[in-house]
Amino acid sequence: MEQQEKIILRNVNFWYGRNRILDKISMKIAGQTITAVMGPSGQGKTTFLGLFNRLWDDIPGAKADGHMEILLDNRPVTPIRKDIPTPMLRRKVGMIFQEPNPLPMSIAKNMAFPLKLAGIQDKSYREAKIKKALEQAFLWDEVKHRLHTSALDLSGGQKQRLCLARALVLEPEILLCDEPTSSLDAHAANVIEELLVQLKTRCTILMVSHNPDQVQRIADNVFELQNGRMNPSDIPSKHLPG
Amino acid sequence: MMRTLMEKTITFLSWLMTLVLFSVVLFFIGYLLHKGLPVLGRSLVFGETDPMQAILGRARVFDGLFPAVMGTLYLVLLSTALALPIGISAGIYLAEYAPPAAGRRFGFFFDILAGIPSIVIGLFGFSVAVFLHKHFSGRISPCLLISALSLAFLVLPYIIRSTQVALESLPAPIRRTAPALGATRLQNLVYVLIPHALSNIVSGIILSIGRCAEDTAVIMLTGVVATAGIPSSLLSQYEALPFYIYYISGQYADQAELDKGYGACLILLGICAVLFILAGMVKKHLTHRALYKV
Amino acid sequence: MKTSGDAIAKAFFLSCAGISAVMTSAVFLFMIVLGLPLFRKGSFMDIWMGTWSPAEGVFGIGHMIAGTFWIAIPAVVLSLPLSLGTSFVIAGLGGPRLRETLISLVRFMTGIPTVIYGFLGIFLLVPLIREELGGPGMCVLAASMVLAVLITPTMVLFFSHSLMAVDPAHVQAARALGAGRIQRLLYVMLPEALGGMATGLVLALGRALGDTLIALMLAGNALGMPAGFLDPARTLTGHIALVQAADYDSLEFRSIFACGIALYLFTTASVIAVRFIERGKKEAA
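Throughout what follows, the structure given in this document is the object of discussion. (Residues numbered from 1 in each chain as written. Chains lettered and ligands numbered in written order. Predicted model: local features only at pLDDT ≥ 70, side-chain atom pairs only at ≥ 80, totals over all residues. Heavy atoms only, no water.)

**Observations regarding the overall build of chain C**
Part 1 of the argument: In terms of regular secondary structure, chain C is built from 11 helices and two strands.
Part 2 of the argument: When the helices and strands of chain C are read in sequence order from the N terminus, they spell out α-α-β-β-α-α-α-α-α-α-α-α-α.
Part 3 of the argument: The buried share of chain C, taken over its 285 residues, is 53%.
Part 4 of the argument: The contacts in chain C between residues at least 6 apart in sequence include a share of 73% that link residues at least 24 apart.
Part 5 of the argument: Working note: accessible area of chain C is about 12,300 Å², and carbon and sulfur atoms make up 68% of it. (Helix = DSSP H or I, 4+ residues; strand = E, 2+ residues; numbered from the N terminus. Buried < 20%, exposed > 50% of the residue type's maximum accessible area, 1.4 Å probe, protein only. Contact = heavy atoms within 4.5 Å. Areas by Shrake-Rupley, 256 points an atom, 1.4 Å probe, with all protein chains shown as cover.)

Here you go:
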């Protein structure tokens, strides 16, 4: 079964001033897959993820060029051209980071935060969305009785799942994961891995990872980023089902 | 051998210098307490007038520091209220919006502003008052409003810098939390960055209030006088504690007046000490959590 | 909607920064314009280098410039050993608890009102100098000594901050080689901290040049060139504070704008000097 291409990059470069961080990157990624990017640190893996939600927007001297297309709402969009307002783009392209970053407020308020930013007022709609996202993140049963306690009191793994749920509440089509398990213990990391595999039916996942075993377990495509160049990796990826 | 001798000498001298510095300052404060404490009391501030009547504005205080204390209070409130919105906004611009080159250029101006001697700021305020007097309204002359404007200008760079530094020192994970969830820059500022930086911003503001309270050079050119009573409007002349101290040091007529000068010093020092301690407490205890109410 | 709100906010923040910068320049322009009659009359150099001779219609501020430095330089020289010693104790010789205490004390000292130092100087130091050393008491020495106490906290904070900002790995390495506290301080921390300390020195000098109250209250304010430390002197700041001529158009009154310009230029020079030092530090690193 041929899947629709969600992401197309052709000769995309990224610059900090005169330094070329990403060098002529070309790749095609199908929808509803997990794509992993590996490689030594300091090679621009996080920068690569940032191409998709313009994370470098506020950084002076940062600049991207080349051909890039992602499909949002079945409409091709070029993040690096700024043909979509940044907040809009970031609602459709979610991101979680290496260190879970819940805000110092209650679980419920953390979850409602992106909805508030998007200007969604309807309370029952909000609550339904929050419940659904927390369920998707395997967190609902653990926190449903303590939604109004501080998010900072959760365990590390729970915090990361909360951040994931918080990103999912906006129903993004693409999810960027910057080493999502590297600050977690083995058990918590396993839960997140399992979660990502489940989530790929809903969104296309791009992740950066240091862990070859993890990549082998969950990724459909694997790339290696070295000296700013992106190459298919030797690490065998999981075969697409069907 | 030479080397260790030198090292020993430097060690000894360092401790000695530290001792000298703190002895001098402690002696100053001790002497002030010795001279000022006996005078401190109701009659120092209110003279013969009933304090309640004075505070309610029903009776004038002729023989006490009350008008000077109130003048300083008005000055501090007015100039802080004037400087805060501009200072904080400019600090936000420098920290969050300015491209690096513009940031450096603005930084240069604000460094100069921070370094301009306060008497020159006072001279500027005075010149503006004279200019307005000549060209706009004969009613305008050096007054409470002109002083407050000049003082606001004096503390502006401190408010700008403390806001800027407080925002810039926020770590990257906090900065990118809200943008990754689709926040605009303004939303990020309002919901995340300012709440997280608030304790440092407030502590900077409190320290600049201290500067408003203690500055003498600015106000002596812009409307403070030795006797004016409590100012009736923004355009009237006024009294202030630091100017009173300056005035007494040259013009005291008898021992009683001199003693009042020591009392005024003690009150002013007390105000500055309280502000200093307050700033420290705010820095330590006013966390951003208080703002989010969990 | 949201983006336009964002644009308005940005414009507002920018204009606040702009207003502050424009006002900073306006101070200078105002003084130039108001001092203009003075510059038109008589030769330009007479104002800056000349003496104060009202009888001849010359209102030179040369002696005030000299008086300013006569008081500020000794103050910095007196303050330097105090500041060095105290910052050595804070940054290396004392323990962590003593460090915290001393830093809080020094911070507090920066907040002690200047006018209080002046007040105590008049009643403690001036009589002492008059009786022990002679002269009028209110003199360069009295002002310099009190000014030294006033600027020391600023210098100590800068010095100790620069010393403590030195890479802890270097200090650790020296410790592993058996260097004692004073040796780590002198041979590892001090050389690396010199740039930052130079900044502190320039800023303290700026503060000493720009202070009004101490010189006004303690230096005697006599017009004329001081010949020694026990002579009175008038500073630029003191001159501005003292001229209260009723006639705003007199040249005597206009001379205070020349003083203001001189002080403004000193400030600008010190800011440029600090930038120069910082740039040198960055290039060295």
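**So, empty space enclosed by the protein**
All names here are of chain C.
Part 1 of the argument: On inspection of all chains with the given rule, the structure shows four cavities of 30 Å³ or more.
Part 2 of the argument: Lining the largest cavity we find T68, I71, A72, L147, A208, L209, D211, I214, A215 and T235.
Part 3 of the argument: Counting only elements with at least two residues in the lining of the largest cavity, the list comes to α3 (62-93), α8 (181-210) and α9 (213-218).
Part 4 of the argument: Of all the elements, α3 adds the most residues to the lining of the largest cavity, at three residues. (1 Å grid on protein atoms, 1.4 Å probe; cavity = no way out; pocket = protein on both sides within 12 Å on 5 of 7 lines; lining within 4 Å. Points joined across faces, edges and corners; volume = space filled by probe spheres on them.)

**Describing the side chain of T163 of chain B**
Part 1 of the argument: The topology assignment puts T163 of chain B in helix α7 (residues 144-168).
Part 2 of the argument: If we ignore the near neighbours within four places in the chain, the residues touching T163 of chain B are G87, I88, G91, I92 and I201 of chain B.

**Focus: the packing of aromatic side chains**
Part 1 of the argument: In this structure the tally under the stated criterion is 30 aromatic pairs over all chains.
Part 2 of the argument: Judged by centre distance (5.1 Å) and plane angle (90 degrees), the rings of Y262 of chain B and F119 of chain C are edge-to-face. Here the residue Y262 of chain B occupies a position in helix α12 (residues 255-285), and F119 of chain C occupies one in helix α5 (residues 114-133), the pair thus bridging two chains. For the residue pair Y262 of chain B and F119 of chain C, the accessibility class agrees, reading buried in each case.
Part 3 of the argument: Each member of the aromatic cluster is reached from another via a ring pair, and the members are F27, Y31, Y252 and Y262 of chain B together with F119 and F123 of chain C. (Phe/Tyr/Trp six-rings, centres within 6.5 Å; stacked < 30°, edge-to-face > 60°.)

**Here's the deal with the interface of chain B and chain C**
Part 1 of the argument: On the side of chain C, 78 residues touch chain B, which itself brings 76 residues to the contact.
Part 2 of the argument: Summing the contributions of chain B and of chain C, the shared interface buries around 6,700 Å²; its carbon and sulfur component is 82%.
Part 3 of the argument: The interface formed by chain B and chain C contains one salt bridge.
Part 4 of the argument: D111 of chain B is paired through a salt bridge with R275 of chain C; the nearest N and O atoms lie 3.3 Å apart.
Part 5 of the argument: The tally of links between chain B and chain C comes to eight residue pairs in polar contact (both at pLDDT 80 or more).
Part 6 of the argument: In terms of residues, the side of chain B that touches chain C owes the most to one element, helix α1 (residues 2-36) of chain B, which gives 19 residues.
Part 7 of the argument: Class assignment for the residues of the side of chain B that touches chain C results in 57 nonpolar, 12 polar and seven charged. (Buried area = accessible area lost by both parts, 1.4 Å probe. Salt bridge = Lys/Arg side-chain N within 4 Å of Asp/Glu carboxyl O. Polar contact = N/O pair within 3.5 Å; in protein donor to acceptor, adjacent residues only side chain to side chain. Nonpolar A, V, L, I, M, F, W, Y, C, P; charged D, E, K, R; others polar.)

**Side note on the sheet that holds strand β2 (residues 19-30) of chain A**
All names here are of chain A.
Part 1 of the argument: Strand order in the open sheet formed by four strands is β2-β1-β4-β5, and the pairing between neighbours is antiparallel. The open sheet has two edge strands, β2 and β5 (75-77), and neither has a second partner. On average, each strand axis in the sheet is tilted by 5 degrees relative to the strand beside it, whichever way the strands run.
Part 2 of the argument: One ladder, built from eight bridges, connects strand β1 (residues 5-16) with β2; its direction is antiparallel. Across the sheet, the residue bridging to I7 is I29, located in β2.
Part 3 of the argument: Packed on one face of the sheet, helix α1 (residues 45-53) meets β1, β2 and β4 (62-72) and runs near 120 degrees to β1. (Pairing = 2+ DSSP bridges. Axes fitted to C-alpha atoms, helices over the stretch in contact; angles between N-to-C directions.)

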